[in-house]
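One-letter residues, chain by chain:
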Amino acid sequence: MSLLTILEYPDLRLRKRAERVEAVDDELRTLIDDMLETMYAAPGIGLAATQVNVQKRLLVLDVSEENDSPMAFINPEIEVLDPEPMGYEEGCLSVPGYFDLVQRPRKIRVRALDRDGMPFELEAEGILAVCLQHEVDHLDGKLFVDYLSILKRQRIKNKLLKDKKQNLAS
Ligand code: GNR
Ligand code: NI
């Protein structure tokens, strides 16, 4: 297994739209395992392929307390079951160090393929619903900072660019 590099905002590669996965094969399963390892190491509760510079519609997550419930979603499709907004303090491994309140539909259904290529569906509320919507946004080139004011987004962008310059200099 190997740790993958996570792209950081404002990297334009985070803005690409991911392509549907055509074949669930061993190569894809290796990517899933590497993404899970990268997510747990970060540590994070979810990771989309876009964040590791792979333009495939694939995400992994584990919202359990014990970090013992890894899940993979291939070609995920979200259907809103309850559009009533729910606010959650979101963060993102691609926007390190920043958290802010984002409103999203409170209940969804997701249909996807699992790591064996088998279709499955589940209904989600709470943190699972938040995380799934956050990850599918990544696959469409969208970040949680896009829901914030232009001013906040600009401030986060400038700070992250400044951090990056300092890292290069040191
Ligand atoms: O680790 C993560 N935590 C998190 C917290 C609140 C809302 C969403 C998330 S997802 C994030 C990992 C990540 O960036 N996934 O794309
Ligand atoms: Ni994220």
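Predicted, not measured: the structure shown is a model, and the values here were computed from it.

Reading guide: rules and limits
Residues numbered from 1 in each chain as written. Chains lettered and ligands numbered in written order. Predicted model: local features only at pLDDT ≥ 70, side-chain atom pairs only at ≥ 80, totals over all residues. Heavy atoms only, no water. Helix = DSSP H or I, 4+ residues; strand = E, 2+ residues; numbered from the N terminus. Rg over C-alpha atoms; globule rule 2.2 N^0.38 Å. Buried < 20%, exposed > 50% of the residue type's maximum accessible area, 1.4 Å probe, protein only. Contact = heavy atoms within 4.5 Å. Near = heavy atom within 4 Å. Polar contact = N/O pair within 3.5 Å; in protein donor to acceptor, adjacent residues only side chain to side chain. Donors = N, O, S within 2.8 Å, 3.2 Å for Na, K, Ca; no water. Pairing = 2+ DSSP bridges.

*Asks:* I keep staring at the overall build of the protein chain and nothing clicks. Help me out?
*Replies:* Along the backbone of the protein chain there are three helices and five strands. Secondary structure of the protein chain in N-to-C order comes out as α-β-β-β-β-β-α-α. In terms of overall size, the protein chain behaves like a compact globule, its C-alpha atoms giving a radius of gyration of 16 Å where 170 residues would be expected to give roughly 15 Å. Based on the C-alpha atoms only, the size of the protein chain along its principal axes is roughly 45 × 40 × 30 Å. The buried share of the protein chain, taken over its 170 residues, is 41%. At a minimum sequence separation of 6, the contacts of the protein chain that also span at least 24 residues come to 66%.

*Asks:* What is the right way to read the site of ligand 1 from this model?
*Replies:* The full set close to ligand 1 counts 14 residues, and Ile45, Gln51, Leu93, Glu135 and His138 are the nearest of them. With respect to ligand 1, the backbone of Leu93 contributes an N or O atom lying 2.8 Å from an oxygen atom. At a separation of 2.9 Å, an oxygen atom of ligand 1 approaches a polar side-chain atom of His138. Looking at the shell around ligand 1, the elements that each hand over two or more residues are β3 (71-90) and α2 (126-139). Per element, the largest residue contribution to the shell around ligand 1 is four residues, and it comes from α2.

*Asks:* What exactly am I supposed to notice about the coordination of the nickel ion (ligand 2) here?
*Replies:* By definition of the ideal shapes, a tetrahedral metal site with four donors has angles of 109.5 degrees and an octahedral site with six donors has angles of 90 or 180 degrees. At 2.1 to 2.3 Å from the nickel ion (ligand 2) lie its protein donor atoms, namely Cys92 (SG), His134 (NE2) and His138 (NE2). Along the chain, the residues that donate to the nickel ion (ligand 2) are spaced as C-x41-H-x3-H. Highlighted residues: Cys92 in the loop between β3 and β4 (100-113) and His134 in helix α2, separated in sequence by 42 residues. Note on accessibility: Cys92 and His134 belong to one class, buried.

*Asks:* Looking at this model, I keep getting lost on the pairing of β3. Mind explaining?
*Replies:* Look at any regular strand and the pattern is simple: side chains alternate between the two faces of the sheet. Summarising the sheet, strand β2 (residues 58-61) and β3 pair through four bridges and their orientation is antiparallel. Across the sheet, residue Val60 finds its bridge partner in β3, namely Ala72. As defined by bridge partners, β3 adjoins β4 across twelve bridges and the pair is classed as antiparallel. Bridging from a neighbouring strand, Pro85 pairs with Pro105 of β4.

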